[in-house]
Amino acid sequence: WTSAGGEWYTVSYRRRVKRYRGSSGEDEPRLPAVRRAGRHRIGKRGFVMKIKNIWGHFKTITIHKWLVMKNCFRIGLYRQGLLHDLSKYSWTEFSIGVRYYQGTRSPNAAEREEKGYSEAWLHHKGRNRHHFEYWMDVRPGHWEEGLLGVKMPLRYVMEMMMDRIAASKTYKGKDYTDASPWEYYSHAKKYMVIAPETAKLLEELLLMLKEHGEERTFAYMKALLKNGEKLIVSRNYIPALKEKLSR
């Protein structure tokens with residue numbers, strides 16, 4: 001870079017900017033299109049990382065969906081098993097999942113740390129009824145109480161249970177145990193806005209899984225679905241069923 005070369009470059013650059021200003025009629029100069037485009041180029045390393053994130057996130061959500069579907073089929077929830085979490089493949093959720101992908105936890109947590117909220121989660125919970133956050137509303141005439149949990153239909157509580165098991169397996173990997181879903185729930189339950197009836201049933205299922213494993217817990221869940229939601233509130237049926245399953 002010589003003084004002559006520097007002078008030539010400066011003059012050439014000024015002429016380009018001047019011509020650009022003359023054609024656009026704008027008050028302030030802007031860089032030529034060729035230079036602006038260069039700002040958005042992705043290097044080889046960035047491109048490789050983006051491909052890894054796309055594949056990693058796709059694999060994570062697909063494995064999770066497969067685990068939920070398999071377990072839903074075991075208790076007779078075929079339609080919900082097939083349709084579970086399809087919104088994760090939408091552009092709103094998938095693109096954000098790729099951007100914040102880490103592999104060891106939900107991308108929603110990373111997005112929430114950066115923005116203060118998670119756009120992907122807001123999109124997701126409003127379209128998937130197996131999340132207790134979907135079932136929140138205010139009581140007419142009692143707005144001062146704020147948001148309250150609404151009792152979830154039984155079939156969605158069962159899908160939520162399968163969702164929690166699959167999420168724990170996906171992120172904990174070989175460290176997963178039947179106690180993992182209960183441990184995650186127990187750390188977060190004091191912050192949850194959930195209907196008391198729904199929380200009671202969910203805790204019962206999580207503790208049964210922790211103490212007796214999947215086979216007995218899934219048999220219990222299948223029996224509840226088969227015999228109807230009215231049996232959940234029976235004082236004699238649930239202990240009798242537990243005793244029968246423990247034999």
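Coordinates for the structure precede this section.
Since the model is a prediction, treat every value here as computed from it, not as a measurement. (Residues numbered from 1 in each chain as written. Predicted model: local features only at pLDDT ≥ 70, side-chain atom pairs only at ≥ 80, totals over all residues. Heavy atoms only, no water.)

A. Representation of a nonpolar patch on the surface in the model. On the surface, a nonpolar cluster with roughly 590 Å² of combined accessible area is contributed by Trp55, Phe58, Leu82, Leu83, Leu86 and Tyr89. Looking at the nonpolar patch, the elements that each hand over two or more residues are helix 3 (44-74) and helix 4 (78-83). Tracing the backbone through its elements, the reader meets leucine 86 in the loop between helix 4 and helix 5 (91-99). (Patch = residues over 30% accessible without salt bridge, like charges linked within 9 Å, V, L, I, M, F, W, Y side chains within 5 Å. Areas by Shrake-Rupley, 256 points an atom, 1.4 Å probe, with all protein chains shown as cover. Salt bridge = Lys/Arg side-chain N within 4 Å of Asp/Glu carboxyl O. Helix = DSSP H or I, 4+ residues; strand = E, 2+ residues; numbered from the N terminus.)

B. Quick look at the layout of surface pockets. Its boundaries defined by the atoms lining it, the largest pocket holds a volume of some 1200 Å³. Residue assignment for the lining of the largest pocket shows that the elements contributing at least two residues are helix 3, helix 5, helix 6 (107-115), helix 7 (119-125), helix 8 (154-172) and helix 9 (180-188). Considering only residue class, the lining of the largest pocket consists of 16 nonpolar, 14 polar and 10 charged. (1 Å grid on protein atoms, 1.4 Å probe; cavity = no way out; pocket = protein on both sides within 12 Å on 5 of 7 lines; lining within 4 Å. Points joined across faces, edges and corners; volume = space filled by probe spheres on them. Nonpolar A, V, L, I, M, F, W, Y, C, P; charged D, E, K, R; others polar.)

C. Molecular detail of the environment of histidine 57. By the secondary structure assignment, histidine 57 is in helix 3. Its relative accessible area of 7% is what places histidine 57 among the buried residues. Distance in space between the C-alpha atoms of histidine 57 and proline 107 is 8.8 Å, their sequence separation being 50 residues. (Buried < 20%, exposed > 50% of the residue type's maximum accessible area, 1.4 Å probe, protein only.)

D. Fine view of the environment of tryptophan 91. With respect to the helices, strands and loops of the structure, tryptophan 91 is situated in helix 5. Between the C-alpha atoms of tryptophan 91 and alanine 120, which are 29 residues apart in sequence, the distance is 9.7 Å.

E. Summary view of the packing of helix 8 against helix 9. Packing of helix 8 against helix 9 brings their axes to within 9 Å, and their N-to-C directions diverge by 100°. It follows that helix 8 is roughly perpendicular to helix 9 by the angle criterion. In this structure, helix 8 contributes Arg164, Ile165, Ser168 and Lys172 to the contact, and helix 9 contributes Ser180, Pro181, Glu183, Tyr184 and Tyr185. Of the residues in the contact of helix 8 with helix 9, the class split is 4 nonpolar, 2 polar and 3 charged. (Axes fitted to C-alpha atoms, helices over the stretch in contact; angles between N-to-C directions. Parallel < 35°, antiparallel > 145°, perpendicular 65-115°, else oblique. Contact = heavy atoms within 4.5 Å.)

Geometric descriptors of this kind do not, in isolation, establish any biological role.
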